[in-house]
Protein chains: 2
Amino acid sequence: MSEVGRLYGLGIGPGDPELLTLKAHRILTSVPVIAYPTLENGKALARAIVADFIRPEQQEIPMPLPFSVQRSSQPYYDLGAEKIAAHLSAGRDVAVLCEGEPMLYGSFMYLFQRLAPRFPTEVVPGISSTFASAAMLGVPITFRNDVLSIMPATLEADQLRDRLQGVDAAVIIKLGRHFSKVRDILGELGLLERALYIERATQPSQRIIPIQDLNPEEATYWALILIPSQTQPR
Amino acid sequence: MSEVGRLYGLGIGPGDPELLTLKAHRILTSVPVIAYPTLENGKALARAIVADFIRPEQQEIPMPLPFSVQRSSQPYYDLGAEKIAAHLSAGRDVAVLCEGEPMLYGSFMYLFQRLAPRFPTEVVPGISSTFASAAMLGVPITFRNDVLSIMPATLEADQLRDRLQGVDAAVIIKLGRHFSKVRDILGELGLLERALYIERATQPSQRIIPIQDLNPEEATYWALILIPSQTQPR
């Protein structure tokens with residue numbers, strides 16, 4: 001009787017390797033196979049975060065993903081899922097490295113949809129940069145009855161304006177080339193004074209810059225704007 | 001020359017002790033003083049989560065907090081802050097245990113406001129139950145251009161209805177005695193079929209119950225409803 005392997009979606013946090021959970025660390029250091037997305041230039045941020053924990057005898061599955069919106073990424077996930085499925089079918093556990101939290105805007109979710117119906121699957125939550133940024137900026141996000149809105153900067157300007165109107169607290173992720181659009185809308189809505197910019201939170205290259213000092217062309221995809229609550233505690 | 005101690009706001013996650021980060025574990029097991037909130041009956045959930053990591057020689061500061069909305073909690077935080085300040089002034093590092101993520105609806109934030117201006121302070125992000133619930137429920141939260149709204153069930157019905165109208169994805173926390181109100185509003189808005197209920201996520205007593213099967217009087221404060229995105233990947 002042959003048993004199939006177990007699939008792990010491993011949240012590895014926003015960048016500081018010490019922000020792995022004890023559970024993610026245990027699984028990462030014990031599975032025979034590790035899979036992770038790579039950019040078209042071969043760079044693999046998720047792997048770089050945990051590089052010190054990976055042992056030479058562990059097998060690795062780099063999964064190239066297109067980070068261009070022009071192309072469908074589905075064939076890439078199909079291919080990655082099949083590579084992973086081959087290991088699982090052979091009885092080997094596979095951990096997929098997921099930056100931040102696997103279930104939140106994560107590329108793992110596309111593998112999850114393909115593989116969870118076929119193999120035993122466990123998702124290990126990770127520290128999301130959306131919240132870790134608050135710790136790095138030193139500001140509470142929400143108090144008491146506040147509502148928090150998390151949204152990608154890739155939304156159309158009208159939708160962004162609509163979603164940001166009257167927010168208690170907000171996090172706007174994936175800034176990159178959308179930075180100027182977001183900054184202008186925050187200005188229109190009177191939110192710019194409260195807005196805080198941070199990129200690569202918890203990574204060695206983390207930067208916190210006053211929004212008015214930022215050259216829009218420097219804003220990266222790995223940057224976000226946090227608008228903390230104004231609620232006063234009582 | 002005497003040096004003051006360092007204050008840590010330590011995110012310890014939603015309940016599974018293995019969901020502490022490596023960093024939180026390192027700090028927790030090395031500081032001389034640990035502080036944590038307690039209910040009026042003396043129960044301390046945060047302490048219970050990490051009980052196996054605490055050593056007898058570590059000093060403990062239980063901080064009673066009123067979990068009743070009728071009373072202001074500010075005098076309790078004043079008192080807790082002064083107890084902590086006494087240790088910090090004497091040069092001892094203090095770690096405050098925070099369930100979930102310290103900066104998100106956390107009681108730590110009230111200590112942070114009082115102590116961070118006076119003492120070196122570091123916040124260590126933790127796994128929030130708002131996201132960990134998705135892993136336990138086995139559902140992705142948000143894809144691509146989705147907006148995620150996180151809100152407390154304690155909002156007035158009109159505000160809840162307003163905030164939930166047309167959401168892409170939502171997490172409604174602190175259900176408790178507000179469960180029926182939330183369920184009725186989700187029904188009105190056509191969101192009930194997508195809504196998933198989970199309580200005490202990742203704790204040994206975790207329960208996942210179909211909403212229609214839940215006795216409203218059983219809903220706890222430590223329960224939430226997740227409405228996952230309907231966006232189809234492409």
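Sequence order sets the numbering: in each chain, residues are counted from 1 along the sequence as written. By the order in which they are written, chains take letters starting at A while ligands take numbers starting at 1. Only residues with pLDDT of at least 70 are given local features in this predicted model, and only at 80 or more are side-chain atom pairs given and counted; all residues enter the totals for whole chains, interfaces and linings. Hydrogens and waters are ignored; side-chain quantities use all the structure's heavy atoms.

Peer 1: Help me understand helix 3 (residues 74-89) of chain B in this model?
Peer 2: Residues that lie three or four places apart on an α-helix share one face, since the helix turns once every 3.6 residues. The helix and strand labels rest on DSSP assignments: H or I over at least four residues marks a helix, E over at least two residues marks a strand, and numbering proceeds from the N terminus. In a helix, the anticipated span is given by 1.5 Å times the number of residues less one. Here helix 3 of chain B spans 22 Å end to end across 16 residues, near enough to the 22 Å set by a 1.5 Å rise per residue. Gly91 of chain B occupies a position one or two residues after helix 3 of chain B and carries a positive phi of about 90 degrees.

Peer 1: What is the right way to look at helix 5 (residues 129-137) of chain B in this model?
Peer 2: Residue and element names in this part refer to chain B. Helix 5 sits mainly inside the fold: 7 of its 9 residues count as buried. Residues of helix 5 that are buried: Thr130, Phe131, Ala132, Ser133, Ala134, Ala135 and Leu137. Backbone geometry just downstream of helix 5 places Gly138 in the positive-phi region, at approximately 70 degrees. For every residue, the accessible area obtained with a 1.4 Å probe (protein chains only) is divided by the maximum for its type, and the residue is called buried under 20%, exposed over 50%, and partly exposed between those limits.

Peer 1: Can you help me understand the relation of the copies chain B and chain A in this one?
Peer 2: One copy of the chain maps onto the second through a rotation about an axis and a displacement along it. The fit set for superposing copies consists of C-alpha atoms from residues with pLDDT of at least 70 in both; the fit itself is least squares. Rotating chain B by 180 degrees and translating it 0.0 Å along the rotation axis places it on chain A, where the RMSD comes to 0.0 Å. Both copies are brought into coincidence by an operation consistent with a two-fold rotation axis. Minimal C-alpha separation from the rotation axis in chain B is found for Thr21 of chain B, amounting to 1.9 Å. Contact between two residues is taken to exist if any of their heavy atoms lie within 4.5 Å; hydrogens are not considered. Residue by residue, 100% of the interface of chain B is reproduced at the interface of chain A, so both copies engage with the same surface.

Peer 1: What is the right way to read the sheet that holds strand 10 (residues 223-227) of chain A from this model?
Peer 2: Backbone-to-backbone hydrogen bonds join strands into a sheet, with any given pair of strands oriented parallel or antiparallel. Strands sit in the order 9(A)-8(A)-10(A)-7(A)-6(A)-6(B)-7(B)-10(B)-8(B)-9(B) across an open sheet of 10 strands; the sheet is mixed. Where the open sheet ends on each side, the last strands, each with one partner, are strand 9 (207-209) of chain A together with strand 9 (207-209) of chain B. Direction aside, the axes of adjacent strands within the sheet are offset by 15 degrees on average. At least two bridges found by DSSP between two strands is the condition for calling them paired. Of the pairings in the sheet, the one linking strand 6 (residues 148-152) of chain A to strand 6 (residues 148-152) of chain B comprises 3 bridges and is antiparallel in character. Working convention: axes come from line fits to C-alpha atoms, limited for helices to the stretch in contact. Angles between N-to-C directions cover 0 to 180 degrees.

Peer 1: Can you walk me through the packing of aromatic side chains in this structure?
Peer 2: We describe a pair of aromatic rings using the distance from one ring centre to the other and the angle between the two ring planes. Only Phe, Tyr and Trp rings take part, Trp by its six-membered ring, and two of them pair if their centres are within 6.5 Å. Stacked means planes under 30 degrees apart, edge-to-face means over 60, and tilted covers everything else. Throughout the structure, instances matching the rule amount to 11 aromatic pairs over all chains. Ring pairing ties together the aromatic residues Tyr77 and Tyr110 of chain A together with Phe143 of chain B, which thus form one cluster.

Peer 1: Is there a simple way to explain the domain arrangement of chain A in this structure?
Peer 2: The figure often quoted for interface size is the accessible area lost as the parts come together. All names here are of chain A. When its domains are assigned, chain A resolves into domain 1 (7-124) and domain 2 (129-227). On the side of domain 2, 13 residues touch domain 1, which itself brings 9 residues to the contact. Buried area: the accessible area, evaluated with a 1.4 Å probe, that two parts lose upon being put together, summed over both parts. Summing both partners gives a buried area of about 830 Å² for domain 1 against domain 2, and 65% of it is carried by carbon and sulfur. Taken as a group, Pro14, Leu45 and Tyr105 account for 57% of the area that domain 1 buries against domain 2, more than any other trio of residues on that side. Each salt bridge in this description consists of a side-chain nitrogen of Lys or Arg and a carboxyl oxygen of Asp or Glu lying within 4 Å of one another. Counting the contacts that link domain 1 with domain 2 gives 0 salt bridges. Between N or O atoms, a polar contact is any pair within 3.5 Å; within protein, one atom must be a potential hydrogen donor and the other a potential acceptor, and residues adjacent in sequence are included only when both atoms are from side chains. Between domain 1 and domain 2 we count 4 residue pairs in polar contact (both at pLDDT 80 or more) in total. Tallied by class, the residues present in the side of domain 1 that touches domain 2 amount to 6 nonpolar, 1 polar and 2 charged. Start and end points for every domain follow an automatic or database-based domain assignment. Gly is placed with the polar residues, together with every amino acid not listed as nonpolar (Ala, Val, Leu, Ile, Met, Phe, Trp, Tyr, Cys and Pro) or charged (Asp, Glu, Lys and Arg).

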